[in-house]
Amino acid sequence: VQLQASGGGLVQAGGSLRLSCAASGRTFSTYVMGWFRQAPGKGREFVSAINWSGDTTPYADSVKGRFTISRDHSKNTVYLQMNSLKPEDTAVYYCAQMLRAYSSRYYSEDEYEIWGQGTQVTVSS
């Protein structure tokens, strides 16, 4: 399985971006998918996750109400719609996949077995 993240870029504060994470190889429809980010000089942090049906979508408090995660099984793709972006959202964003349908520790990067290469998001003030 490979994950390919895309959609990052440079945007002004208040703007929007939509990240995509396309999975190839083994089917991912039943697995939990997640987005994490890593800002310069900081550790990787949880952003959001989505279960197979899309009815469980936890978010980090810092992005709640501004970001929306979704998935399209027909395209094997998970999305992260980011609105009202702030300079503190600047980071490399990674998508990741669990090889299971559920985990209570969806916020922990240790739960994810497969990672994409990351896409840079830069928000200017």
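That block above? That's the structure.
Each value, and the rule that gives it
- Residues numbered from 1 in each chain as written.
- Predicted model: local features only at pLDDT ≥ 70, side-chain atom pairs only at ≥ 80, totals over all residues.
- Heavy atoms only, no water.
- Pairing = 2+ DSSP bridges.
- Helix = DSSP H or I, 4+ residues; strand = E, 2+ residues; numbered from the N terminus.
- Axes fitted to C-alpha atoms, helices over the stretch in contact; angles between N-to-C directions.
- Salt bridge = Lys/Arg side-chain N within 4 Å of Asp/Glu carboxyl O.
- Buried < 20%, exposed > 50% of the residue type's maximum accessible area, 1.4 Å probe, protein only.
- Disulfide = S-S within 2.5 Å.
- Polar contact = N/O pair within 3.5 Å; in protein donor to acceptor, adjacent residues only side chain to side chain.
- Contact = heavy atoms within 4.5 Å.
- Core = buried A, V, L, I, M, F, W, Y, C linked by side-chain atoms within 4.5 Å.

1. Notes on the sheet that holds strand β6 (residues 67-72)
- With respect to topology, four strands assemble into an open sheet ordered β1-β3-β7-β6, the strand pairing being antiparallel. The sheet is open, and its two borders are formed by β1 (2-6) and β6, each paired with just one other strand. When strand polarity is set aside, the average angle formed by the axes of neighbouring strands in this sheet is 15°.
- In this sheet, strand β3 (residues 17-24) lies alongside β1 in antiparallel orientation, the contact comprising five bridges. Of the residues in β3, the one forming a bridge with A5 is C21.

2. Notes on the pattern of salt bridges
- Here the structure, examined in full by the defined rule, presents eight salt bridges.
- Here E45 makes a salt bridge to R37, at a shortest N to O gap of 2.6 Å.
- Looking at R37, the relative accessible area reads 5%, which means it is buried.
- Note that R100 and E113 form a salt bridge whose closest N and O atoms lie 2.5 Å from each other. Placement of R100 in the loop between β8 (91-97) and β9 (114-115) and of E113 in the loop between β8 and β9 is noted, with a sequence separation of 13 residues between them.
- Accessibility expressed as a relative area gives 28% for R100, which makes it partly exposed.
- Taken together, the shared-partner salt bridges in this structure form one network comprising R37, E45, R66 and D89.

3. Observations concerning the state of the cysteines
- Here the structure, examined in full by the defined rule, presents one disulfide.
- One disulfide in the model links C21 with C95; its S-S distance is 2.1 Å. Residues C21 and C95 are joined through a disulfide that is right-handed, its torsion about the S-S bond being 65°. In this pair, C21 is assigned in strand β3 and C95 in strand β8, connecting sequence segments 74 residues apart.

4. Describing the side chain of T77
- Position of T77 relative to the elements: it lies in strand β7 (residues 77-82).
- A polar side-chain atom of T77 sits 2.8 Å from the main-chain carbonyl oxygen of K75.

5. Focus: the environment of G8
- Turning to its location among the elements, G8 is positioned in the loop between β1 and β2 (9-12).
- Taking C-alpha positions, G8 is 15 Å from V47, a pair spaced 39 residues apart along the chain.
- Dropping the residues within four chain positions of it, G8 is found in contact with L17, L19, T119, Q120 and V121.

6. A look at the nonpolar core
- Ranked by size, the top nonpolar core spans 34 residues in total, and within it W35, F67, L80, M82, Y93 and Y112 carry the most contacts.
- Where this core is concerned, the elements lending two or more residues are β1, β3, β4 (33-38), β5 (44-50), β6, β7, β8 and β10 (119-124).

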